[in-house]
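Residue strings, one per chain:
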Amino acid sequence: MPTTDDSRDPTPLRVSVDLNLCQAYAQCCYAAPRHFRLIGREALFYDPAPSADARADMERARISCPVQAIRVEDPDV
Amino acid sequence: MSDVAALTSDSHAVVVGGGLAGLRGAEAMRDAGFEGRLTIVGNEPHRPYDRPPLSKHVLTGLLPPDVTRLPSDLDGDVEWRLGVGAASLDRGARTLRLTDGTTLRYDALLIATGTRARPWIHPEEERLPGVFSIRSRDDAASLRAALVARPKRVVVIGAGFIGCEVAAVCRELDLPVCLIDPSPSPLGRVIGSAVGGLIGAVHEGWGVEMRLGAEVAHLEAKGGRFVGVRLKDGGRIEAQVAVVALGAVRNTEWLDGSGLSADSGGIDCDERGFVTDAFGQPDPRIAAAGDVARFPHPLYGGRRIALEHWGHAVAQARHAGRLLAGDASGPVYGAVPNFWSTQGDMVVKSVGLTEGADAVAIVQGDPAERRFVALYGRAGRCVAAVSVDSARWLPAYGHLIETAAPFPPAEAVTDRPSRKIDILDPGFA
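Keep in mind that this is a model prediction, so the values were computed, not measured.

The rules behind each value
Residues numbered from 1 in each chain as written. Chains lettered and ligands numbered in written order. Predicted model: local features only at pLDDT ≥ 70, side-chain atom pairs only at ≥ 80, totals over all residues. Helix = DSSP H or I, 4+ residues; strand = E, 2+ residues; numbered from the N terminus. Rg over C-alpha atoms; globule rule 2.2 N^0.38 Å. Buried ≥ 20, exposed ≤ 12 C-beta atoms within 10 Å, placed from the backbone. Contact = placed C-beta atoms within 7 Å. Nonpolar A, V, L, I, M, F, W, Y, C, P; charged D, E, K, R; others polar. Domains from an automatic or database assignment. Pairing = 2+ DSSP bridges. Axes fitted to C-alpha atoms, helices over the stretch in contact; angles between N-to-C directions.

A. Here's a closer look at the overall build of chain B. In terms of helices and strands, chain B carries eight helices and 28 strands. Relative to the globule expectation of 22 Å for 429 residues, the C-alpha radius of gyration of chain B, 23 Å, shows essentially globular dimensions. Viewed in the frame of its principal axes, chain B has a C-alpha envelope of about 60 × 60 × 40 Å. Burial statistics for chain B: of 429 residues in total, 49% are counted as buried.

This is the structure in structure tokens:
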């Protein structure tokens, strides 16, 4: 099947943030500073494919989001 | 009227469309307990990926184009048919013909074929090297490569949300960029030129050149490459890269001959989410979701609308997936439309629909601080709100819109307690 899914880590975590919900409380930026940051007042930049060793940070970020906008897929769960 | 077909573990559910709506719809079928065979057909060779970063962080180089695959809890229990599109639909035989000539028989079908970038009016000009549009991650990768080559100027044709995002990216990369649109302001058709002009002023502050009230007649070539645009008024703008950002057209051509009611504006659905035929009769085995679905929205008197919004694709697909899996217990789908746009370091968000608005007021914050909420009224009711760097206030306005609260709102707000609210003409052309 012609599936190409080239990425930096062969089995990264997969992350998406519902930016409609996001209100820039920035809790994710404290929980996982290597993977989330605010640009300007409320433009959230995040890494959609962090390597699997970021698992604990990403889970902390997901849980700490006041509007529950973060979704994480862990290939090993 | 025929009832919802009950799916069993021997049934085959097919999702046409390998984007956000297709993925979330397939997940919803599983969540609703569907245990049969599930196939997702996608015409791109990639697993479903997130598109919003393509016109922002992928173009600035913060993200490579191939890392935005969407998270999903669908595991190995899905068959992927990627790199192949839908060619035609035979509802009598319940088969879907694919572009590789194979067929799939379905017991339930979710249509989520989405949109494609509206093409430039002259096909031979669109094929010139140096001319780009953005829809797929491959498009974004091509445009990124062209921006890295430091063109002397980029022209962006169309100052809608994608056009504004691209123009902002060019300035972040310190590339000269010219934004061209027939409206008197950027975003004029979507949010009106009163608020659009405020956004335009921000772009001008970033150094974006504006050619408003101008229309491009031709993309000009020299030596087989794009070298500039010719305007309808005869003016010429030299550039090495053109980005055509004229909105999207819906992918419904493959439904010709199916008997379903579909055209370039979408495929018609009934209030439950089932697609309907030319006589308005629903097909209880087929639902549609996302950009391609034109459905009667309960907030707008049942008028049929199709929305190209990320959150809508997710929510409507969840609804449609449950519906096809036999769970029709939920309320009629009618979420308030909302979207966001990140332009440079500015976030523009919207809730409701500005269409037909006859008044607008800055109800909170101050445009001079690039931080405000604009509320739109139509016939004395709140219909939409747009926030600039003020996202936390927006849900409250969403409530006013959902309940069709009187416009202008009576109460003063906390951060401008005494100032009189000026009611403006929203400036829709």
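B. Summary view of the interface of chain B and chain A. Between chain B and chain A, the residue contacts involve 31 residues of the former and 27 residues of the latter. Broken down by secondary-structure element, the contributors of at least two residues to the side of chain B that touches chain A are strand S3 (79-82), helix H7 (310-324), strand S24 (338-343) and strand S25 (346-352) of chain B. Sorting elements by how many residues they give to the side of chain B that touches chain A places S24(B) first, with four residues. The residue makeup of the side of chain B that touches chain A, split by class, is 15 nonpolar, eight polar and eight charged.

C. Looking closely at the domain arrangement of chain B. Residues and elements named next belong to chain B. Partitioning chain B into structural domains gives domain 1 (12-116 + 249-324), domain 2 (123-246) and domain 3 (345-429). Computed from C-alpha coordinates alone, the two centres of domain 2 and domain 3 are separated by 29 Å. Facing 11 residues of domain 2, the contacting portion of domain 3 comprises 15 residues. Across the side of domain 2 that touches domain 3, the residue classes tally to seven nonpolar, four polar and no charged.

D. Representation of the pairing of strand S2 (residues 36-39) of chain A in the model. Residues and elements named next belong to chain A. Inspection of the sheet shows S2 paired to strand S3 (residues 43-46) by four bridges, in the antiparallel sense. Following the sheet pairing, Phe36 is matched in S3 by Tyr46. Linkage of S2 to S3, two consecutive antiparallel strands, is achieved through a turn of three residues, within which Gly40 is found at a positive phi near 70 degrees.

E. Representation of the sheet that holds S3(B) within the structure. Residue and element names in this part refer to chain B. Ordered in space as S3-S2-S1-S7-S21-S20, the six strands form an open sheet in which the pairing is mixed. Only two strands of the sheet have a single partner each, and these edge strands are S3 and strand S20 (274-276). Averaged over all pairs of adjacent strands, the angle between their axes in this sheet comes to 30 degrees, without regard to strand direction. Examined bridge by bridge, strand S7 (residues 108-111) and strand S21 (residues 282-288) share three bridges and lie parallel to one another. Bridging across to S21, Leu109 finds its partner in Ile286. Packed on one face of the sheet, helix H1 (residues 20-31) meets strand S1 (12-16), strand S2 (37-42) and S7 and runs near 175 degrees to S2.

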